[in-house]
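Analysis of the macromolecular model
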Amino acid sequence: MNGALIGLVAWLSVANLQPGTELQYVGSLSQQAKTGESEVKSFSLYAVTIDDEKGDPQLAYYLEERGGGSFGWPERFGLLPLAGTASAKPRPIRLQYTHNDQQYPLPVRSPLCEFADKLTPQATWTEGRYTYVVTRKKNVKGREGLVVEVSSNFGPVQTMVIEPATGILLSLEEKIIIGRGDEFQLKLDLQSQKQIPSSDLDRNRASLMSLLSVQAELGRTGDQKVVELTRDQLKSLQSNLPQYEKEAEGTGWSRLVASIGLDLKQQKKRLDGVAGLEKKLVGRPAPEWTLKLTDGSTFTSDDAKDKVVVLHFWQYRGEPLNEPYGQIGYLDFLNNKRKKLGVRVIGVNVDERFANPDQKNTALRSMKKLLEFMNVGYDMAIDDETALSEFGDPRATGAPLPLWIVIGHDGKVAHHHTGFYDIKPDEGLKQLDDAVIEAIRRQKGK
């Protein structure tokens with residue numbers, strides 16, 4: 001990518017904008033080809049200026065995505081500082097787009113430009129590796145703006161129309177390169193602007209503060225791609241949802257709260273489905289299975305007899321290489337600590353490409369890249385989804401991998417967990433380790 005990095009986070013000097021200035025945009029992402037362009041994603045952006053507790057101006061925003069993948073709702077809203085010193089790390093505005101099975105975060109320029117003081121006819125300046133040139137005036141829906149052309153050493157990157165009196169972005173066209181040189185164009189257009197009455201501004205701000213508190217309590221870093229809540233988190237959020245709905249009524253945050261409500265319903269369905277798989281398997285004999293190890297050998301349910309075995313079903317892919325890497329670093333630590341007690345840990349790379357001779361080597365190279373990067377020491381197996389289906393693929397319930405299975409010496413499933421564990425750095429995979437230790441105790445007491 002190139003132009004998408006411009007204006008990611010900036011300190012803004014904004015003139016003539018009062019708290020409660022509400023802006024609404026529509027945008028699109030289109031892929032460019034010789035035969036023309038095709039829209040692959042659309043989105044809308046809601047933004048409003050507010051003052052923080054110190055009286056410093058901030059820009060609060062919410063992004064709504066449609067098509068081509070998206071971030072979870074906690075990653076689609078946040079605050080950007082407009083002046084002073086931010087009390088917390090700003091959460092930049094970003095889209096997520098899935099291209100060729102890889103997820104790409106695409107930064108979106110702030111609706112308020114960071115160089116309003118430089119906006120004069122024919123002005124030119126340089127910021128980092130980008131050159132900005134004010135080329136002409138342009139009227140956009142009855143508003144007078146200045147066209148700013150942005151370029152790098154590789155050529156034109158962005159074309160913006162900015163209202164000089166306010167610093168408000170009226171329109172944007174941006175060239176973005178994704179993957180192996182595929183060209184896309186991102187567009188953003190201002191649809192409306194209004195001033196929230198002072199009597200309603202406190203309510204708007206109160207709704208936002210409640211939502212930001214939820215975001216912080218969930219421990220979101222801004223990089224997670226999905227929202228997977230624990231049962232306790234789900235219960236807490238569900239009980240507080242009526243309050244959030246009441247606070248957001250009549251404000252620009254109502255659509256965000258509606259998306260939270262929809263996600264909660266989907267979360268509950270996934271958790272109920274996962275609970276059903278767990279209930280079906282735990283305490284019962286494990287299904288018969290055969291794993292093909294990467295060293296050429298096999299490991300079967302018969303080989304697991306009288307052993308404690310941990311199976312970690314996940315998509316071991318080097319691209320995209322996203323945290324938390326399936327928590328395999330913690331699993332490797334557990335393996336090093338427990339293998340002297342006879343525990344066998346096997347990572348199972350679930351990839352349907354293993355069933356296709358033309359794609360198998362590509363899948364193997366991707367796995368090797370990840371394993372070398374993480375320096376994994378436990379055994380690895382490849383699975384074209386056959387072994388996973390024996391244990392119940394959680395993706396069929398809408399839940400994501402990884403799937404963690406502990407099988408005791410008696411051949412019964414002792415532990416079943418879908419998704420990532422809640423981690424404390426000094427404890428690692430404590431829930432999994434506790435299950436392993438309990439299985440060892442039962443083995444010694446047989």
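Residues numbered from 1 in each chain as written. Predicted model: local features only at pLDDT ≥ 70, side-chain atom pairs only at ≥ 80, totals over all residues. Heavy atoms only, no water.

**Overview of the nonpolar core**
Operational definition: Nonpolar core, defined: a set of buried Ala, Val, Leu, Ile, Met, Phe, Trp, Tyr and Cys residues in which side-chain atoms within 4.5 Å join the residues together. Exposure categories follow from relative accessible area, calculated using a 1.4 Å probe and restricted to protein chains: below 20% of the type maximum is buried, above 50% is exposed, and the middle band is partly exposed. Contact definition: two residues touch when any of their heavy atoms are within 4.5 Å.
One finds Trp289, Leu311, Phe313, Tyr316, Leu331, Phe391 and Leu432 to be the most contacted residues of the largest nonpolar core, which totals 51 residues. Excluding its chain neighbours within four sequence positions, the residues that come into contact with Leu311 are Trp289, Leu291, Ile346, Phe391, Leu403, Trp404, Ile405 and Ile407. Listed in part, the 47 residues of the second largest apolar core include Leu23, Val108, Ile176 and Leu188.

**Examining the pattern of salt bridges**
Keep this limit in mind: Definition used for salt bridges: Asp or Glu carboxyl oxygen within 4 Å of a side-chain nitrogen of Lys or Arg. Working definition: helices are DSSP H or I runs of at least four residues, strands are E runs of at least two. Numbering for both runs from the N terminus.
Throughout the structure, instances matching the rule amount to 20 salt bridges. For Lys368, the salt bridge goes to Glu372, with nearest N and O atoms at 4.0 Å. A residue pair is termed a helical-turn pair when its members lie 3 or 4 positions apart in one helix, as Lys368 and Glu372 do in helix α5 (residues 360-374) at 4 residues. A relative accessible area of 51% places Lys368 in the exposed class. Look at the salt bridges and you will find they share partners, linking Arg317, Asp351 and Arg353 into a network.

**Things to note about helix α7 (residues 430-444)**
Rules: Residue count minus one, scaled by 1.5 Å, sets the expected span of a helix.
Between its terminal C-alpha atoms α7 stretches 21 Å, which fits the 21 Å expected from 15 residues at 1.5 Å a residue. Among the residues making up α7, those that are buried are Leu432, Asp433, Ala435, Val436, Ile437, Ala439, Ile440 and Gln443. In the core, the buried residues of α7 are packed alongside β15 (308-314), α4 (328-338), β16 (343-350), β18 (403-407) and β19 (413-418).

**Re the sheet that holds strand β11 (residues 168-178)**
Quick note on the threshold: Between any two strands, pairing holds if DSSP finds at least two bridges. Interaxial angles span 0 to 180 degrees and are taken between N-to-C directions of axes, which are lines fitted to C-alpha atoms, for helices over the stretch in contact.
Here 10 strands make up an open sheet; going across it, the order is β4-β3-β2-β1-β12-β11-β10-β9-β8-β7 and the pairing antiparallel. Both outer strands of the open sheet, β4 (77-81) and β7 (124-127), are each paired with one neighbouring strand and no more. Neighbour to neighbour, the strand axes of the sheet diverge by 25 degrees on average, direction disregarded. Here 6 bridges tie strand β10 (residues 155-163) to β11, and the two strands are oriented antiparallel to one another. Looking at β11, one finds that Met160 is bridged to Leu172.

**Looking at the confidence of the model for the chain**
Rule in force here: Scored between 0 and 100, pLDDT is the confidence that the predictor attaches to each residue.
When the pLDDT values of the chain are averaged, the result is 88; 92% of them are 70 or greater. Segment residues 1-15: pLDDT under 50, and 56 contacts once partners within four positions in sequence are set aside and those in other chains are kept.

**As for a negative patch on the surface**
Threshold: Patches in this entry comprise residues that are over 30% relatively accessible and not in a salt bridge; like charges within 9 Å are linked, as are nonpolar side chains (Val, Leu, Ile, Met, Phe, Trp, Tyr) within 5 Å. Every accessible area reported is derived by Shrake-Rupley at a probe size of 1.4 Å, with residue values counting cover from the shown protein chains alone. The positive count covers Lys and Arg only, the negative count covers Asp and Glu only, and His and the chain ends enter neither. We put the charge of a Lys on NZ, of an Arg on CZ, of an Asp on CG and of a Glu on CD.
Taken together, the side chains of Glu37, Glu39, Glu173 and Asp189 present a region of like negative charge at the surface. As for its position among the elements, Asp189 is in strand β12 (residues 182-195).

**Some remarks on the sheet that holds β18**
One open sheet holds the 7 strands; their spatial order is β14-β13-β17-β16-β15-β18-β19, and the pairing between them is mixed. Looking at which strands have only one partner, the edges of the open sheet turn out to be β14 (298-300) and β19. Sheet twist, expressed as the mean angle between neighbouring strand axes with direction ignored, is 25 degrees. Here 5 bridges tie β16 to strand β17 (residues 379-383), and the two strands are oriented parallel to one another. Residue pairing for β17: Val348 is matched across the bridge by Ala381. Docked against the sheet, α5 engages β15, β16 and β17, running at close to 150 degrees with respect to β17.

**Here we look at the packing of aromatic side chains**
For the record, the criterion: Working definition: rings of Phe, Tyr and Trp (its six-membered ring) pair if their centres are within 6.5 Å, and the pair is stacked with planes under 30 degrees apart, edge-to-face with planes over 60 apart, and tilted otherwise. In this analysis the charged atom, NZ for Lys or CZ for Arg, is taken to sit over a ring once it is within 6 Å of the ring centre and within 35 degrees of the ring normal.
With the rule as written, the count across this model stands at 10 aromatic pairs. Considering the side-chain rings of Phe115 and Trp125, the 5.1 Å spacing of their centres and the 55 degrees angle between planes classify their relative orientation as tilted. Here Phe115, found in the loop between β6 (102-107) and β7, pairs with Trp125, found in strand β7; they are 10 residues apart in sequence, far enough to count as distant. Given a relative accessible area of 3%, Phe115 falls into the buried group. Here Trp125 falls in the buried class, since its relative accessible area comes to 9%. Here Phe313 and Phe391 contribute two aromatic rings whose centre-to-centre distance is 5.6 Å and whose plane-to-plane angle is 50 degrees, an arrangement assigned as tilted. Residue Phe313 is found in strand β15, and its partner Phe391 is found in helix α6 (residues 386-391); the two are separated by 78 residues along the sequence. Above the ring of Phe299, the side-chain terminus of Arg344 is found at 4.6 Å from the ring centroid.

**Here's the deal with the packing of α4 against α7**
The line we're drawing: Angles are sorted into four bins: roughly parallel if under 35 degrees, roughly antiparallel if over 145, roughly perpendicular if 65 to 115, and oblique for all others. By convention the crossing between two helices is left-handed if the near helix lies anticlockwise of the far one by an angle smaller than a right angle, and right-handed if it lies clockwise. All residues other than Ala, Val, Leu, Ile, Met, Phe, Trp, Tyr, Cys, Pro, Asp, Glu, Lys and Arg, Gly among them, are scored as polar; the first ten of these are nonpolar and the last four charged.
Where α4 meets α7, the closest approach of the two axes is 11 Å, and the angle between their N-to-C directions is 25 degrees. One element, α4, and the other, α7, form an angle in the roughly parallel class. Classified by chirality, the crossing of α7 by α4 is right-handed. For the pair α4 and α7, contact is made by Leu331, Leu334, Lys337 and Arg338 and by Leu432, Asp433, Val436 and Ile437, respectively. For the contact of α4 with α7, a count of residues per class yields 5 nonpolar, no polar and 3 charged.

**Focus: the environment of Leu388**
As for its placement among the helices and strands, Leu388 is situated in helix α6. Taking the C-alpha atoms as reference points, Leu388 and Leu403, separated by 15 residues in sequence, lie 8.7 Å from one another. Excluding residues within four positions of it along the chain, Leu388 makes contact with Phe313, Val350, Asp383, Asp393, Pro394, Arg395, Leu401 and Leu403.

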